[in-house]
Amino acid sequence: MTTSTFFLYLLLMAGSTYLIRVLPFIAVRHQIHNRFIRSFLYYIPYAVLTAMTIPAIFAATNSVISASLGLAVAIILALRKCSLTTVALAACFAVYVSELVIGWVS
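Residues numbered from 1 in each chain as written. Predicted model: local features only at pLDDT ≥ 70, side-chain atom pairs only at ≥ 80, totals over all residues. Heavy atoms only, no water.

(A) Representation of the confidence of the model for the protein chain within the structure. Mean pLDDT over the protein chain works out to 91, with 99% of the residues at or above the 70 mark. When pLDDT is averaged over each element of the protein chain, helix 3 (residues 64-79) comes out on top at 96 and helix 1 (residues 3-27) at the bottom at 90. (pLDDT = per-residue confidence, 0-100. Helix = DSSP H or I, 4+ residues; strand = E, 2+ residues; numbered from the N terminus.)

Encoded structure:
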């Protein structure tokens, strides 16, 4: 890749990222009062985060069983209102232990 091509791609990427973030501010100048649209916009970050995280969970381990166990531990602890650090450490520990057990069994 040449330097000019790189900077062209960089400019296009920066422009598209900037437009995506600025366009809503330009299009919507007043507060949104519609309950449906407000609730839809409220849950978008959670949906996007879930869509990016769940596939990564199953691709990060050697076994679908250990990934499922770690995900289950994370969901249970999150529903019990544990801190993010506790949830992450417990899920990692569950995956680590289950990988050890799977390694011993097979």
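(B) Highlighting a nonpolar patch on the surface. A grouping of Met1, Phe6, Phe7, Leu8, Tyr9, Leu10, Leu12 and Met13 is seen on the molecular surface, where their side chains present a nonpolar patch of about 880 Å² in accessible area. With respect to the helices and strands, Met13 occurs in helix 1. (Patch = residues over 30% accessible without salt bridge, like charges linked within 9 Å, V, L, I, M, F, W, Y side chains within 5 Å. Areas by Shrake-Rupley, 256 points an atom, 1.4 Å probe, with all protein chains shown as cover. Salt bridge = Lys/Arg side-chain N within 4 Å of Asp/Glu carboxyl O.)

(C) Molecular detail of helix 2 (residues 35-59). Over its 25 residues, helix 2 extends 37 Å from the first C-alpha to the last, a length consistent with the 36 Å expected when each residue adds 1.5 Å. In the structure, helix 2 departs most strongly from a straight axis at Ile44, where the bend amounts to approximately 35° and where the proline Pro45 lies between one and four residues downstream. (Expected span 1.5 Å × (residues − 1). Bend = angle between axes of the 7 residues up to and from the residue.)

(D) Quick look at the packing of aromatic side chains. Enumeration over the complete set of coordinates arrives at 4 aromatic pairs. Between the aromatic rings of Phe6 and Phe7, the centroid separation amounts to 5.3 Å while the plane-to-plane angle is 70°, which identifies the pairing as edge-to-face. Judged by its relative accessible area of 48%, Phe7 is partly exposed. Both rings, one in Tyr42 and one in Tyr43, keep their centres 4.9 Å apart while their planes meet at 90°; by these two values the pair is edge-to-face. By way of ring pairs, the aromatic residues Tyr42, Tyr43 and Tyr46 are connected into one cluster. (Phe/Tyr/Trp six-rings, centres within 6.5 Å; stacked < 30°, edge-to-face > 60°. Buried < 20%, exposed > 50% of the residue type's maximum accessible area, 1.4 Å probe, protein only.)

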